[in-house]
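Descriptive analysis of the structure
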Amino acid sequence: AEFAHIFGAVVALLISFVTLHKFLPRQVRDSETVSDPTWMRTALPFMLISGLIMLNLRGGTTLLGLIADLETVALYGVGVRISAIIALALTAVNAVAAPRIARLYMDDEMDAFQRLVIMTTAGVSLVALAVMILFILFGTQILLLFGAGFDKAYTALLIFGIGQMINASTGVTI
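Computed from a prediction, not measured in an experiment: that's the story for all the values here.

Here we come to the overall build of the protein. Tallying secondary structure elements over the protein gives seven helices and zero strands in all. When the elements of the protein are put in sequence order from the N terminus, they spell out α-α-α-α-α-α-α. Relative to its length of 174 residues, the protein is extended, with a C-alpha radius of gyration of 21 Å against a globular reference of 16 Å. Its C-alpha atoms give the protein principal-axis dimensions of about 55 × 50 × 30 Å. Relative to its full complement of 174 residues, the protein shows a buried share of 22%. Long-range pairs, those at least 24 residues apart, make up 65% of the contacts in the protein between residues at least 6 apart in sequence. With the model as given, the accessible surface of the protein reaches about 12500 Å², and the carbon-plus-sulfur share is 72%.

This part is about the layout of surface pockets. The volume enclosed by the largest pocket comes to roughly 620 Å³. Taken together, 20 residues line the largest pocket, and the ones lying closest to its centre are N56, L57, V80, A84 and Q164. Every element with two or more residues in the lining of the largest pocket is listed here: α3 (37-67), α4 (70-83), α5 (85-106) and α7 (154-169). Counting residues per element, the lining of the largest pocket draws most heavily on α3, which supplies seven residues. When the residues that make up the lining of the largest pocket are grouped by side-chain class, the tally is nine nonpolar, nine polar and two charged.

Before going further, it helps to examine the pattern of salt bridges. Evaluated as defined, the whole model comprises two salt bridges. The shortest N-O distance in the salt bridge between E71 and K152 comes to 3.0 Å. On the criterion of sequence distance, the pair formed by E71 in helix α4 and K152 in the loop between α6 (110-144) and α7 is long-range, its members being 81 residues apart. A residue is classified by how much of its surface remains accessible, and K152, at 55% relative accessible area, is exposed. Taking the shortest distance from any N to any O, the salt bridge between R103 and D107 comes out at 3.5 Å.

Basis of the calculations
- Residues numbered from 1 in each chain as written.
- Predicted model: local features only at pLDDT ≥ 70, side-chain atom pairs only at ≥ 80, totals over all residues.
- Heavy atoms only, no water.
- Helix = DSSP H or I, 4+ residues; strand = E, 2+ residues; numbered from the N terminus.
- Rg over C-alpha atoms; globule rule 2.2 N^0.38 Å.
- Buried < 20%, exposed > 50% of the residue type's maximum accessible area, 1.4 Å probe, protein only.
- Contact = heavy atoms within 4.5 Å.
- Areas by Shrake-Rupley, 256 points an atom, 1.4 Å probe, with all protein chains shown as cover.
- 1 Å grid on protein atoms, 1.4 Å probe; cavity = no way out; pocket = protein on both sides within 12 Å on 5 of 7 lines; lining within 4 Å.
- Points joined across faces, edges and corners; volume = space filled by probe spheres on them.
- Nonpolar A, V, L, I, M, F, W, Y, C, P; charged D, E, K, R; others polar.
- Salt bridge = Lys/Arg side-chain N within 4 Å of Asp/Glu carboxyl O.

Keep in mind that these numbers describe shape and distance, not what the molecule does.
Put into structure tokens, the structure is as follows:
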């Protein structure tokens, strides 16, 4: 399963390169490449963060695959992925509010900064709680949408859901 995922990612990457080359304007393709060491030093931490995020997203499933049977890995994977729905509110709020929060902080508008952080954190926490309540009440039915036997992942869904609720209740990241 992991090999198929990696293979699919490589195929998608190749298709992206071909599509980019085909539709990239000639002026951009023919322009001079600028190689600035400062740019690379700045980009390196972001590359490392992206790598760690990917490891965080797939590392548990991969490691579990080394020590457990396929059914256990499937149940774990479904629990993790469905519980990630809770984090969608946080992701959306981060995208919208983080620039505003950063600007308020940089402009030393601490009252407005604090109000916005509290308001967004409370909003995200309420959405996370509502989704978690749905998981508690209807988690088995949600899991059965993936097929017979996936209802065995109910406990995992609740555990991961609690973790995602804690993550969401920590508020926005800037």
